[in-house]
Amino acid sequence: MSTYYHANINGPGHLGAHGRTGDDGPDPETVFRLAEGLLAALRAELPGLAVHGEVIMAALEEAAADGGPPNRGRIRSSLDDIAIGAPAGTGSLAFTQQLAHLLQL
């Protein structure tokens, strides 16, 4: 029997139409909300991996401040590290997968 909750087909971020705003890429507010959820889940479930969530938040905040796109390499690297360390069925892994999908990484 699986421990996954299948009722929310849009993932833990409740992103509706996959959090996309047309062809312009993901909605920045949705990305921030999802990244904040990831960081909160990491702090609660896997405090040792929270530093990777902080790296993601820093990359998103830097992009918002300078008006450019987020550093996809930094974000991808952190998401990969979380995915390796997060056990199946955790909220941290679910947020990681949803964020990677949203950012098309």
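Notes on the structure in this doc start here. (Residues numbered from 1 in each chain as written. Predicted model: local features only at pLDDT ≥ 70, side-chain atom pairs only at ≥ 80, totals over all residues. Heavy atoms only, no water.)

Some words on the overall build of the chain
Filter applied, for reference: Note on conventions: DSSP H or I runs of at least 4 residues are helices, E runs of at least 2 residues are strands, and numbering of each starts at the N terminus. Relative accessibility thresholds used throughout: buried, under 20% of the residue-type maximum; exposed, over 50%; partly exposed, between the two (1.4 Å probe, protein chains only). Contacts are assigned to residue pairs with any non-hydrogen atoms lying within 4.5 Å of each other. Every accessible area reported is derived by Shrake-Rupley at a probe size of 1.4 Å, with residue values counting cover from the shown protein chains alone.
Across its full length, the chain carries four helices and zero strands. Along its sequence from the N terminus, the chain presents helices and strands in the succession α-α-α-α. Each of the 105 residues in the chain was classed as buried or not, and the buried ones make up 37%. Long-range pairs, those at least 24 residues apart, make up 58% of the contacts in the chain between residues at least 6 apart in sequence. About 6,100 Å² of surface is accessible on the chain, with carbon and sulfur atoms providing 56% of the total.

Examining the environment of Thr96
With respect to the secondary-structure elements, Thr96 resides in helix α4 (residues 91-102). It is 6.7 Å that separates the C-alpha atoms of Thr96 and Ala83, two residues lying 13 residues apart in sequence. Each residue touching Thr96, except ones within four places of it in the same chain, is listed here: Leu38, Leu79, Ile82 and Ala83.

Overview of the side chain of Ser78
Relative to the helices and strands, Ser78 is located in helix α3 (residues 72-85). With residues up to four places along the chain from it excluded, the contact list for Ser78 reads His52, Val55 and Ile56.

Re α3
The following threshold applies: The span one expects for a helix is its residue count, reduced by one, times 1.5 Å. Think of it as the arc spanned by the lines of direction from the helix axis to the C-beta atoms. Here a polar contact is recorded for every N or O atom pair within 3.5 Å, except that within protein the pair must consist of a potential hydrogen donor and a potential acceptor, and residues adjacent in sequence are included only if both atoms are side-chain atoms.
The end-to-end C-alpha separation of α3 is 20 Å, in line with the 20 Å expected for 14 residues at 1.5 Å each. Restricting attention to buried positions, one finds in α3 the residues Ile75, Ser78, Leu79 and Ile82. The buried residues of α3 occupy an angular sector of 100 degrees when projected down its axis, which confines them to one face. Each element contacted by the buried residues of α3 is listed here: α1 (28-45), α2 (50-66) and α4. The backbone nitrogen of Gly73 lies 3.1 Å from a side-chain oxygen of the residue at the head of α3, namely Asn71.

Comments concerning the packing of α1 against α4
Note the threshold: Orientation is described by lines fitted to C-alpha atoms, with helices fitted over the stretch in contact, and by angles between N-to-C directions that extend from 0 to 180 degrees. Just so you know how the angles are binned, under 35 degrees is roughly parallel, over 145 roughly antiparallel, 65 to 115 roughly perpendicular, and the rest oblique. Left-handed describes a crossing whose near helix is turned anticlockwise from the far helix through less than a right angle; right-handed describes the clockwise counterpart. When residues are grouped by polarity, Ala, Val, Leu, Ile, Met, Phe, Trp, Tyr, Cys and Pro land in nonpolar, Asp, Glu, Lys and Arg in charged, and all others, Gly among them, in polar.
Close contact between α1 and α4 brings their axes to 8 Å; oriented N to C, the two are set at 155 degrees. Classified by the interaxial angle, the pair formed by α1 and α4 is roughly antiparallel. By crossing handedness, the relation of α1 to α4 is classed as left-handed. Facing α1, whose interface residues are Thr30, Val31, Leu34, Ala35, Gly37, Leu38, Ala41, Leu42 and Glu45, α4 presents Gly91, Ser92, Phe95, Thr96, Gln98, Leu99 and Leu102. A class-by-class count of the residues in the contact of α1 with α4 yields nine nonpolar, six polar and one charged.

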